[in-house]
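Structural description and commentary
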Amino acid sequence: MKNKLKEHIIKLIPLSDNEFSFVLSHFNIEKYKKNEFLIQEGEDVNHCYFVISGLLKLVFNDANGKQHIVSFAMEDWWESDFLAYFEQTKAKMSLQCVEDTEVYSISLKNYYKLSSKMPKIERFFLKKSHSGHIASQNRILSFLTSNAKERYVQLLKQQPILFQRVPKTLLASYLGVSRETLSRLSS
């Protein structure tokens, strides 16, 4: 289990065993059951999460009560309500388990402490942040420039495992279509 985080980090930066032990000392391991919340809208966001196993969904509920899935996070992904985490404000989104999930969590205090004491980890977090920004912009552009069928095909190409792990209702929400439209797209 400890190796998953180390393997993830050393894809971007080298780490000795001693360095990794220091990094790991800033994290906690947490286990959640399917449908449990790691973050609920309106609450404080105290942690960012690295997924060891399982699947999470980040959800925004609009003023009409409609649920919008912002992202899915599976193994080797980082997730949180990042605005609330970094700005220390109340969550605007909820983070919920789609499957039983195990994560490493890091508090903002430990995030900054670790980053200040280990510049190479600060570079790692910066690289992960860049990747996240790029992915978010690509998702926004997809909604602006692609029709439902194109978004469906793009998701199928980029994340085919989601189609095996996520109920169609959730996939439809993520793609911004109705469940019926998703059924037509997949036939």
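Structure's up top.
As a starting point, this report considers the structure included with it. (Residues numbered from 1 in each chain as written. Predicted model: local features only at pLDDT ≥ 70, side-chain atom pairs only at ≥ 80, totals over all residues. Heavy atoms only, no water.)

So, the overall build of the protein
- A count of helical and extended segments in the protein gives nine helices and eight strands.
- A globule of 187 residues ought to have a C-alpha radius of gyration of about 16 Å, and the protein, at 17 Å, matches this closely.
- In terms of its C-alpha atoms, the protein occupies a principal-axis envelope of roughly 55 × 35 × 30 Å.
- In the protein, of all internal contacts separated by at least 6 residues, the share reaching a separation of at least 24 is 70%.
- Accessible surface, the protein as shown: approximately 10500 Å² in total, 53% of it carbon and sulfur.
- For the protein, the centre of its 26 positive side-chain charges and the centre of its 20 negative side-chain charges are spaced 4 Å apart. (Helix = DSSP H or I, 4+ residues; strand = E, 2+ residues; numbered from the N terminus. Rg over C-alpha atoms; globule rule 2.2 N^0.38 Å. Contact = heavy atoms within 4.5 Å. Areas by Shrake-Rupley, 256 points an atom, 1.4 Å probe, with all protein chains shown as cover. Lys, Arg positive; Asp, Glu negative; His and termini not counted. Charge placed at Lys NZ, Arg CZ, Asp CG, Glu CD.)

Some remarks on helix H5 (residues 119-145)
- With 27 residues, H5 should cover 39 Å at 1.5 Å per step; its first-to-last C-alpha distance of 39 Å lies within 8% of that length.
- Of the residues making up H5, those classed as buried are Lys 120, Ile 121, Phe 124, Phe 125 and Ser 142. (Expected span 1.5 Å × (residues − 1). Buried < 20%, exposed > 50% of the residue type's maximum accessible area, 1.4 Å probe, protein only.)

Considering the pairing of strand S5 (residues 67-74)
- Taken together, the seven bridges between strand S4 (residues 55-61) and S5 define a ladder with antiparallel strand orientation. Looking at the pairing, Leu 56 lines up with Ala 73 of S5.
- Here S4 folds back onto S5 in antiparallel fashion, the turn holding five residues, of which Gly 65 has a positive phi close to 85°. (Pairing = 2+ DSSP bridges.)

Comments concerning the pattern of salt bridges
- This structure, assessed with the given rule, holds six salt bridges.
- Of the charged contacts, one joins Asp 44 and Lys 90 as a salt bridge, the two residues approaching to 2.8 Å between their closest N and O atoms. With Asp 44 in the loop between strand S2 (37-39) and strand S3 (47-53) and Lys 90 in the loop between helix H3 (82-87) and strand S7 (94-97), this pair connects stretches of sequence that are 46 residues apart.
- By relative accessible area, Asp 44 is classed as partly exposed at 46%.
- Residues Arg 165 and Glu 99 are paired through a salt bridge, measuring 2.7 Å at the closest nitrogen-oxygen approach. Remark: Glu 99 occurs in the loop between S7 and strand S8 (101-107) and Arg 165 occurs in helix H7 (residues 162-165); sequence separation between them is 66 residues. (Salt bridge = Lys/Arg side-chain N within 4 Å of Asp/Glu carboxyl O.)

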